[in-house]
Every structure is written in C-alpha cells, then in structure tokens.
Amino acid sequence: MTDAPRSVFPHRHLLGIEGLSPLDIQALLDLADQQVEVSRQIEKRKSTLRGRTQINLFFEPSTRTQSSFELAGKRLGADVMNMSVASSSVKKGETLIDTAATLNAMRPDIIVVRHHAAGAVHLLAQKVDCSVVNAGDGAHEHPTQALLDALTIRRNKGRIEGLVVAICGDILHSRVARSNMILLAAMGARVRLVAPSTLLPPGIGRLGFETFTSMEEGLRDADIVMMLRLQRERMNGSFVPSVKEYFRFYGLDQDKLSLAKPDALVMHPGPMNRGVEISSDVADGAQSLIREQVEMGVAVRMAVLEALASHLPNR
Ligand SMILES: N[C@@H](CC(=O)O)C(=O)O
Ligand SMILES: NC(=O)OP(=O)(O)O
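Here the residue numbers are simple positions, counted from 1 along each chain's written sequence. Each chain gets a letter, beginning with A, and each ligand a number, beginning with 1, in the order they are written. Only residues with pLDDT of 70 or above have their local features reported here, since the model is predicted, and side-chain atom pairs are shown and tallied only from 80 upward, although totals for entire chains, interfaces and linings are computed over all residues. With hydrogens and water stripped out, all remaining heavy atoms of the structure feed into the side-chain values.

In this section: the overall build of the chain. Each helix is a run of H or I in the DSSP string that is no shorter than four residues. Each strand is a run of E no shorter than two, and both are numbered from the N terminus. Of the regular secondary structure elements, the chain holds 11 helices and nine strands. Its C-alpha atoms give the chain a radius of gyration of 19 Å, near enough to 20 Å, the size a compact globule of 315 residues would have. Overall size of the chain, expressed as C-alpha extent along the three principal axes, is 55 × 45 × 35 Å. Throughout this description, buried means an accessible area under 20% of the type-specific maximum (1.4 Å probe, protein chains only), exposed means over 50%, and partly exposed covers the range between. In the chain, buried positions account for 55% of the 315 residues. Using a 1.4 Å probe, accessible areas were evaluated by the Shrake-Rupley method; residue-level cover was limited to the displayed protein chains. About 13500 Å² of surface is accessible on the chain, with carbon and sulfur atoms providing 50% of the total. With 37 positive and 35 negative side-chain charges, the chain shows a separation of 3 Å between the mean positions of the two kinds. Atoms considered for the radius of gyration are the C-alpha atoms alone. The globule rule reads 2.2 Å times the number of residues to the power 0.38. We treat Lys and Arg as the positive residues and Asp and Glu as the negative residues; His and chain ends play no part in the count. One atom stands in for each charge, and that atom is NZ of Lys, CZ of Arg, CG of Asp or CD of Glu.

Dropping the structure here:
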C-alpha cells in the first residue's frame, strides 16, 4: 500500500473546472510547479501512486493529453494501461456504461476518460468505484487543459489576476475555451472572446465576457492571445465561408499580433492547423508558448493525479 499524501484538494474526481474554488485551482497549480522540477530531473520517478492502477480510456483521438497522462501516471509510480477503444468491444456495440462496469471489475484506482459526448464522463463517474478524470467530454470541458494553460500563464507573467486574455476562434464548439473561461474568470483575469458571430455561443456576452467579432479590436492591448482550432468534428453544417477567408480575418499572423501588448504571449492547446487559425511564423516565433504548454501538461496531470491520491479507494 502506498503512503498517499494528505491532500488539500477536497474532490474525489476531476470532472471539470466548474465546481472548483479559486483555492482548489491555486493548490493544483502550486503542486504542478513542484512537478515541473521533478520532470526536469534525470530521475523522474516518485512513489505516490505505487501499486495503483490507472486506466486511460480515450474514445476520441489524442496526442498530448493521452501521452502526458500516461507519463504522469508512470512518473508517480502507477501501473498505467491505455485502453485502445478502436480495437475494443466498443466496436462490437458495447455501451459506455457496460465498458465502464467491465473495467471497474478489474479494480482500477483512477480512470482517465475522453469521450465525444458532453456529460459522458460525469455519467461514467457515477458507475465506477474509483476516481475519474475528465480528459475532454464533447464541447463541455477539458479541465486539465485549462489548468496547464493557467500554469503556463502564471509562470510567464507571474500572475493571472488582471491580465487581458483574448480567446480567439471556434469558441462555440471548444471545450478548451469553456474550461479556460471558467478558470480565468475565477482567477480574476479579463476574458475576451473573439470569433465570427457564427462561432460565439448565443448570449455569452450576458455572462460577463467581452465579445468581439473583429480580431483587430479583440487583440488590442491583450496580454495573452489564445488561439483555437476549428472543431470540424463537432460542426454540423458550414460555420465559416472558406479556410482562406477565415485565415484572412481570424488567423493570427504577425500583423494582427502586433496589435496586442508588445510582450503579449501566444498560446494554442494543439493540434494546430497552420495557415487556418495561426501562421507558422507566429506559432514558432519568440512570443509563442506552445511547446511550453506541452511540458506544463505533464506537470499538471501529475499534480491532478497526486491531488486525487488521498481519495483513492482503500480496498
Ligand atoms: N486538443 C484539444 C483542442 C483541439 O482538439 O482543438 C481538445 O481535445 O479539445
Ligand atoms: N490539447 C489537447 O487536448 O491535445 P490532444 O487532443 O492531442 O490530446
């Protein structure tokens, strides 16, 4: 049995940013700062999750999230199993709930889930005895992405409070935007949403977010410019006239970026579509934090798994 640390994190699951207090968020970011140091050492292994079993269950494609959850679990000493949904009995018609019950019978301690349906991860959490982490559910939430973005911002700007953060692109279909909006607002940032009107959720301005349909206006004096991919897999119909037009008006290039503060930083959760929402020179330029976001992704996922450690089943 492991010596699970006493946690300052009072939740058994991480299903979303919604429901976390600013103190919860701060505790996870502080813990993640420590994990960055662990990951930069030659010996990267801790024993917090020794003897524990983590299952990664991804019903949607992933490069960053799945691999960083795998590395995070392994760096904490867990046995990590990646379920390959593509070659699983889901393909034979087994439901999410039956799949969950089957995996639950194998006594995992943590299940990390990505699913195309909003709410699927909450449902799964009710059907299993272990901790569940949301790795993205439809257009609903992607909490560890928002946490890694917050960590990246805090480490580069020294704070989150008071910063002007422009989230640009397909806000309507993006779980990254949603989780970031909740987190950044809770931590006192000024959140701007910049998109064509077809890609802004109806009535979003009433929730206190400043909305812009012009990049030129939305980027003016921003501290952080966060670009989003067009979520074509969730689009039903045509939301933009053409990729060329979209890039012209909403793609981030050096000219548009020059309207933000001179020390503005550029973020993107990945995967990027170069020449659609972002130009290559900006993505690879001196103001880009995109690679650092990936590094912070491992640290944040280690922090989340460690924070849940004191709530794992004792059986
Ligand atoms: N990788 C992120 C963003 C994206 O796919 O555009 C997500 O799964 O939500
Ligand atoms: N940012 C993100 O979630 O990337 P993946 O879809 O590659 O996991």
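So, on to the site of ligand 2. If even one non-hydrogen atom of a residue comes within 4 Å of a molecule or strand, that residue is called near it. Residues in contact with ligand 2, as listed here, are Ser62, Thr63, Arg64, Thr65, Arg114, His142, Gln145, Pro269 and Gly270. What qualifies as a polar contact is a pair of N or O atoms within 3.5 Å, subject to a donor-acceptor requirement within protein and to the restriction that residues adjacent in sequence count only when both atoms come from side chains. Ser62 is positioned such that a nitrogen or oxygen atom in its side chain is 2.6 Å from an oxygen atom of ligand 2. In the model, an oxygen atom of ligand 2 is placed 2.8 Å from a nitrogen or oxygen of the His142 side chain. Mapping ligand 2 onto the cavity grids shows that it belongs to the largest pocket. Looking at the shell around ligand 2 residue by residue, the classes come out as one nonpolar, six polar and two charged. Method remark: on a 1 Å grid restricted to protein atoms, a set of points is classed as a cavity if a 1.4 Å probe fits but cannot get out and as a pocket if it is open with protein on both sides within 12 Å along at least five of seven lines; lining residues have an atom within 4 Å of a point. Each molecule is checked against the cavity or pocket grid, and it sits inside if more than half of its atoms lie within 2 Å of the grid points. Gly is placed with the polar residues, together with every amino acid not listed as nonpolar (Ala, Val, Leu, Ile, Met, Phe, Trp, Tyr, Cys and Pro) or charged (Asp, Glu, Lys and Arg).

Attention now moves to the packing of helix H1 (residues 22-39) against helix H5 (residues 143-157). Here an angle of 0 to 180 degrees is reported between the N-to-C directions of two axes, which are lines fitted to C-alpha atoms, with helices fitted over the stretch in contact. It is at 10 Å that the axes of H1 and H5 come closest, and there the two elements cross at 70 degrees. Between H1 and H5, the angle is such that the two are roughly perpendicular. Across the interface between the two elements, Ile25, Gln26, Leu28, Leu29, Asp30, Ala32, Asp33, Val36 and Glu37 from H1 touch Leu147, Ala150, Leu151, Arg154 and Arg155 from H5. Looking at the contact of H1 with H5 residue by residue, the classes come out as eight nonpolar, one polar and five charged. Angular relationships are summarised with four words: roughly parallel below 35 degrees, roughly antiparallel beyond 145, roughly perpendicular across 65 to 115, and oblique for the angles in between. Whether two residues are in contact is decided by their heavy atoms, any of which lying within 4.5 Å being enough.

Feature annotation in UniProt assigns "domain: Aspartate/ornithine carbamoyltransferase carbamoyl-P binding" (unreviewed entry) to the following positions: residues 12-154. As annotated, residues 12-154 comprises 41% helix and 17% strand, and the C-alpha atoms at either end are separated by 26 Å. UniProt positions are given in the numbering used here, feature names are shortened, and annotations may be inferred rather than shown by experiment.

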